[in-house]
Amino acid sequence: MTVQKLAQRNYYGKALAELSRSRGDVVVMDADLASSTKTSEFEKVCPERFVEVGIAEQNMIGVASGLAASGKTVFASTFAVFASGRCWEQIRLSVAYPRLNVKIVSTHCGISVGEDGASHQALEDISLMRSIPNMVVISPSDAYEAFAATKAIAEYDGPVYMRLGRSEFPTVMPMDTEFRIGRATVMREGGDVTLIGTGQLVMSCLEAADALASEGISAEVINMSTIKPLDRETLLESLGRTGCAVTAEEHSVIGGLGSAVSELLCEEMPSPVVKIGTKDTFGESGNPEKLFVKYGLAVPDVIDAAKRSMALKRKG
Amino acid sequence: MGYSSEDLSRIANRLRVHVIEMTSAAGSGHPGGSLSSADLLAVLYFRVMRHDPKSPDWADRDRFILSKGHVAPLLYAALAESGYLPVEELMTLRKMGSRLQGHPVRGKAPGVEMSTGSLGQGLSMSCGIALAGKMDCKDYRVFCLLGDGEMQSGQNWEAAMFASHYRLDNLTAIVDRNRLQITGDTERCMSLGALDEKFRSFGWDVETVNGHDIDALTSALEKRSDGPRAIIMNTIKGKCVSFMENNAGFHGKACNCEETARALKELKEGL
Ligand SMILES: Cc1ncc(C[n+]2csc(CCOP(=O)(O)OP(=O)(O)O)c2C)c(N)n1
Ligand SMILES: [Mg+2]
């Protein structure tokens, strides 16, 4: 099988362009980054429903809430650091509190932003967005899923935060994948340990599972593309069989997928959870692949984590 | 003391050469807005600012805050030419482990005052540094460079109100009015209108200059007012490289091999 390397943001742009035809209520907004977030694809075909706000992200969220309160389905995009960080309180009050129909779709999440450095690497956005009531948080595993998720969140009535990457990376889902908010996908079945990935790290979990299989360890892999609401059923069913987990995300270990899974398991089915993510640190400039190694997000790190989680389970 | 205006023009050109070489070696970065502000940085670092590259933490130094942090290559070039950094280090820009991060980081490379890169925050930081100068009875000045697109960010206007309220006469904001941002023409993206009038209505003393005229920049920067000063600096984005001038395409993209050669040839002819 040939590996397709695709950028999620390009598929977000494609999905928006399709929505411009099928959905007259969709309005797309951007803050001087349309060529990067790919909302430019919507602007090309539907300039009359594209709203440029300039470098004024907080204003973008406020205006988005007003549009949504007046019947529009709004997609507002910028880089993940600005979307989630700069506008946090605007999102909380103007969008989430009144439960308005605004989709905040950010691109350039995580350390794979690379050369721009720490100021541009959002490693806290899942945490920030997940803590706001009424907010749905989505982190697709590849470009195809980003496309399907864009369509799905357009159908959902309420606030959503979706994080997408900048770079091209291999697809893991079928081209015609369906997306249901709140439903995880079991990518591979196994009985010894559950590897729970989100975003680009789903691919790393699959590669780690291959390597573990050659050592006689059977790993289950779950693509947790909705982080909130968390798919409790799938998680508890899997952990019931494996008894231990690894979480893997391009995000801080504080407050992200790892925390969400731990919160659930602590109360429902106490089991070891070893977290792959950045360890309470800022990133830095550099080549994304090298950064993944330096910051402990590479496939060997997932393999180690799986073994540690299994050891913790044995210790009981 | 003693660089002639011709010297400063030559230094500015050298900074431009560094910017092209650094961003091309890194394969990414922001050359366009670096070239438009190069004359300003030459005048600040080699004529107007009181500073000592051998003691970057000198308490009485004038401060330069790069609010438009994406033009870090230009800042690093000016720091290297001034003696804060070895010139060879410039080639480590944006590489893992380098002190020269894609956007400036306080405490990493000597001479970098604040961490920036998220637009619209540097003027507030500068207000704080200027206010501390007042509290400590120090006579240092604070210079803050902003992009024109960056002025769309509301925080700047909160800072503008603050600066005149606290009469920060030690603060000078310089806006690089190159009329371009990522999306293109600033007036089409989100019109800024009369920036000078806006600043004036916030209680600032305002001057508009040609940002590529060394003497005009000098006199605007040396002048003092009894409140904060804003200098609207009309410039050309990509200045001094024909195919980059007024070209938004080179905002956040490095030259390829062939373009690099052409750019360096044009710049070196100007040296
Ligand atoms: C808060 C924030 N929003 C968006 C960006 C992305 N960005 C980087 S540079 C830039 C355009 C800046 O234009 P301008 O201020 O005119 O700078 P210049 O033309 O001098 O390069 C944008 C939108 C950012 N760095 N920070
Ligand atoms: Mg500009």
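Trainee: Would you mind showing me how to read the domain arrangement of chain A here?
Mentor: The extent of an interface is frequently quoted as the accessible surface area lost upon association of the parts. All names here are of chain A. Assigned domains of chain A: these are domain 1 (5-170) and domain 2 (185-311). A C-alpha centroid distance of 25 Å is found between domain 1 and domain 2. Contact with domain 1, which involves 32 residues of that partner, is made by 36 residues of domain 2. In this assembly, domain 1 packs against domain 2 so that about 2,400 Å² is buried in total across both faces, 54% of it on carbon and sulfur atoms. The largest contributions to the domain 1 side of the interface with domain 2 come from Ile111, Leu123 and Arg130, which together make up 30% of the buried area. There are one salt bridge connecting domain 1 and domain 2. When contributions to the side of domain 1 that touches domain 2 are tallied by element, the ones reaching two or more residues are α7 (125-130), β6 (136-138) and β8 (168-170). Top contributing element to the side of domain 1 that touches domain 2 by residue count: α7, with four residues. Grouping the amino acids of the side of domain 1 that touches domain 2 by side-chain chemistry returns 15 nonpolar, 10 polar and seven charged.

Trainee: How should the coordination of the magnesium ion (ligand 2) be read in this particular structure?
Mentor: Residue and element names in this part refer to chain B. Looking at the magnesium ion (ligand 2), the protein donor atoms are Asp148 (OD), Asn178 (OD1) and Leu180 (O), and they sit 2.1 Å from it. In terms of primary sequence, the donors binding the magnesium ion (ligand 2) are separated according to D-x29-N-x1-L. Like Leu180, Asn178 is buried.

Trainee: Could you clarify how one ought to interpret the sheet that holds strand β13 (residues 245-252) of chain A in this entry?
Mentor: Strand pairs in the sheet, formed through backbone hydrogen bonds, run parallel or antiparallel to each other. Residues and elements named next belong to chain A. Reading across from one edge, β9-β11-β10-β13-β14 is the order of the five strands in this open sheet, with mixed pairing throughout. Lying at the two open borders of the sheet, with one neighbouring strand each, are β9 (185-188) and β14 (273-278). Averaged over neighbouring strand pairs, the angle between their axes works out to 25° when direction is ignored. Strand direction decides the pairing type here: strand β10 (residues 193-197) and strand β11 (residues 219-223), joined by five bridges, are parallel. Bridging from a neighbouring strand, Thr194 pairs with Glu220 of β11. Helix α9 (residues 201-214) rests against β9, β10, β11, β13 and β14 of the sheet, and its axis sits at about 155° to β10.

Trainee: Would you mind going over the nonpolar core with me for this structure?
Mentor: As a rule of thumb, soluble globular proteins bury nonpolar side chains together. With 56 residues, the main nonpolar core has Leu40(B), Leu41(B), Leu44(B), Tyr45(B), Phe64(B), Tyr76(B) and Leu221(B) as its most contacted residues. Counting only elements with at least two residues in this core, the list comes to α1 (5-26), α3 (38-48), β1 (63-66), α4 (72-82), β2 (142-147), α9 (214-222), β7 (229-234) and α10 (257-270) of chain B. Membership of the second largest hydrophobic core comes to 47 residues, among which are Ala64(A), Ile222(A), Leu239(A) and Val261(A).

Trainee: Where do I start with the interface of chain B and chain A in this structure?
Mentor: Taken together, the 25 residues of chain B in the interface contact 21 residues of chain A. Counting the surface lost from both chain B and chain A, the interface buries some 1,800 Å², and carbon and sulfur atoms represent 50% of this. In terms of surface lost to chain A, no three residues of chain B exceed Arg94(B), Met96(B) and Ile182(B), which account for 32% of the buried area on that side. If you look at where chain B meets chain A, you find one salt bridge. Across the pair Asp116(A) and Arg94(B) runs a salt bridge whose closest N-O atoms are separated by 2.7 Å. Along the contact surface separating chain B from chain A lie 13 residue pairs in polar contact (both at pLDDT 80 or more).

Trainee: Looking at this structure, how should I read the pattern of salt bridges?
Mentor: Side chains carrying opposite charge are able to pair once their charged atoms draw close together. Counted by the stated rule, this structure contains 33 salt bridges over all chains. Between Glu41(A) and Lys44(A) there is a salt bridge, with its nearest N and O atoms 2.8 Å apart. Within this pair, Glu41(A) and its partner Lys44(A) are both found in helix α3 (residues 40-45), separated by three residues, close to a single helical turn. Among the charged side chains, a network of salt bridges with common partners joins Asp205(B), Glu207(B), Lys223(B) and Arg229(B).

Trainee: Looking at this structure, I do not really get the sheet that holds strand β7 (residues 160-163) of chain A. What am I missing?
Mentor: Residue and element names in this part refer to chain A. Overall, mixed pairing links the seven strands, which are arranged β3-β2-β4-β5-β7-β6-β12 in an open sheet. Only two strands of the sheet have a single neighbouring strand rather than two, namely β3 (50-52) and β12 (226-228). On average, each strand axis in the sheet is tilted by 20° relative to the strand beside it, whichever way the strands run. As defined by bridge partners, strand β2 (residues 26-30) adjoins β3 across three bridges and the pair is classed as parallel. Within β3, the position partnered with Met29 by the bridge is Val51. Where helix α1 (residues 8-22) meets the sheet, it contacts β2, β4 (73-79), β5 (102-107) and β7, and its direction lies at approximately 155° from that of β4.

Trainee: So what exactly am I meant to see when it comes to the site of ligand 1 here?
Mentor: Taken together, 23 residues surround ligand 1, and among them Glu57(A), Lys68(B), His70(B), Asp148(B) and Lys237(B) come closest. Residues near ligand 1 are shared among chains A and B, making this a multi-chain site. Contacts to ligand 1 include Leu119(B), whose backbone N or O atom sits 2.9 Å from a nitrogen atom. Take Gly149(B): an N or O atom from its main chain is 2.9 Å from an oxygen atom of ligand 1. Across the complex, the protein chains shield 99% of the 600 Å² of accessible surface that ligand 1 would expose by itself. Elements that contribute at least two residues to the shell around ligand 1 include exactly α5 (80-86) of chain A together with β4 (180-181) of chain B.

What counts and what doesn't
- Residues numbered from 1 in each chain as written.
- Chains lettered and ligands numbered in written order.
- Predicted model: local features only at pLDDT ≥ 70, side-chain atom pairs only at ≥ 80, totals over all residues.
- Heavy atoms only, no water.
- Domains from an automatic or database assignment.
- Contact = heavy atoms within 4.5 Å.
- Buried area = accessible area lost by both parts, 1.4 Å probe.
- Salt bridge = Lys/Arg side-chain N within 4 Å of Asp/Glu carboxyl O.
- Helix = DSSP H or I, 4+ residues; strand = E, 2+ residues; numbered from the N terminus.
- Nonpolar A, V, L, I, M, F, W, Y, C, P; charged D, E, K, R; others polar.
- Donors = N, O, S within 2.8 Å, 3.2 Å for Na, K, Ca; no water.
- Buried < 20%, exposed > 50% of the residue type's maximum accessible area, 1.4 Å probe, protein only.
- Pairing = 2+ DSSP bridges.
- Axes fitted to C-alpha atoms, helices over the stretch in contact; angles between N-to-C directions.
- Core = buried A, V, L, I, M, F, W, Y, C linked by side-chain atoms within 4.5 Å.
- Polar contact = N/O pair within 3.5 Å; in protein donor to acceptor, adjacent residues only side chain to side chain.
- Near = heavy atom within 4 Å.
- Areas by Shrake-Rupley, 256 points an atom, 1.4 Å probe, with all protein chains shown as cover.

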